[in-house]
Amino acid sequence: MSGLPAHVIAERAARAAELVRSEPCPRCGAETLVARTADRVAAIDVRADPTPVDPAAIPAGRLAWCLIQHQFVGDRLRWRDRWHAKACAHPVLVDHACPTRPVQETLL
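What counts and how
Residues numbered from 1 in each chain as written. Predicted model: local features only at pLDDT ≥ 70, side-chain atom pairs only at ≥ 80, totals over all residues. Heavy atoms only, no water. Helix = DSSP H or I, 4+ residues; strand = E, 2+ residues; numbered from the N terminus. Buried < 20%, exposed > 50% of the residue type's maximum accessible area, 1.4 Å probe, protein only. Areas by Shrake-Rupley, 256 points an atom, 1.4 Å probe, with all protein chains shown as cover. Pairing = 2+ DSSP bridges. Axes fitted to C-alpha atoms, helices over the stretch in contact; angles between N-to-C directions. Core = buried A, V, L, I, M, F, W, Y, C linked by side-chain atoms within 4.5 Å. Contact = heavy atoms within 4.5 Å.

Caption draft 1: Structural view of the overall build of the chain. Secondary structure summary: the chain contains 3 helices and 6 strands in total. Along the chain direction, N to C, the helices and strands of the chain fall in the order α-β-β-β-β-β-α-β-α. Per-residue burial over the chain gives 21% buried out of 108 residues. Only carbon and sulfur atoms are counted for the fraction: they give 58% of the accessible area of the chain, which is about 7,900 Å².

Set out below in structure tokens:
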């Protein structure tokens, strides 16, 4: 037994879940979608912008994710690899990048 209160354990389990949830970015405060990938061996935590992008115009240097929406299982994020991209009809999201601020603004 870990000795942690039940609500703390439940919160940690929810954070580790694969289900997509909406959370503000801890750095910039922008609304983002957060989930853990379904891979059990090398699962990663994903923070993506909630606005879908055009699959033909994915910004360079950004990871692309498919938002798979299922009525029984719930929403999931799946990495958009070259094999999945060929037949993909899901909304495409890109990983979140905080907007840059001018250096002078932060110094003043």
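Caption draft 2: Highlighting the sheet that holds strand E5 (residues 74-79). With antiparallel pairing, the 3 strands of this open sheet are ordered in space as E5-E4-E6. Lying at the two open borders of the sheet, with one neighbouring strand each, are E5 and strand E6 (92-94). Going across the sheet, the axis of each strand differs from the next one's by a mean of 35°, ignoring polarity. Sheet analysis places strand E4 (residues 64-70) next to E6, joined by 3 bridges and oriented antiparallel. Each residue of the ladder has a partner; that of Cys 66, found in E6, is Val 92.

Caption draft 3: Up close: the nonpolar core. Val 20, Leu 33, Ala 35, Val 46, Ala 48, Trp 65, Leu 67, Leu 77 and Leu 93 form the largest nonpolar core, which has 9 residues in total. At the level of elements, strand E2 (31-36), strand E3 (45-48) and E4 are the ones that each hand at least two residues to this core. Sequence-distant contacts of Leu 77, defined by excluding residues within four places in its chain, comprise Val 20, Ala 35, Val 46, Trp 65, Cys 66, Leu 67 and Leu 93.

Caption draft 4: How the structure looks around the sheet that holds E3. Strand order in the open sheet formed by 3 strands is E1-E2-E3, and the pairing between neighbours is antiparallel. A single partner strand is all that each edge strand has here, and the edge strands are strand E1 (21-24) and E3. Ignoring which end each strand starts from, the neighbouring axes of this sheet average 35° apart. Two strands pair when backbone bridges link them, and E1 and E2 are joined in this way by 4 bridges, in the antiparallel orientation. When the sheet's bridge partners are listed, Arg 21 is paired in E2 with Val 34.

Caption draft 5: Focus on the environment of Gly 74. Note on placement: Gly 74 falls in strand E5. Owing to a relative accessible area of 21%, Gly 74 belongs among the partly exposed residues under this scheme. It is 7.9 Å that separates the C-alpha atoms of Gly 74 and Val 20, two residues lying 54 residues apart in sequence. Contact partners of Gly 74, with chain neighbours within four places excluded, come to Leu 19, Ile 68 and Gln 69.

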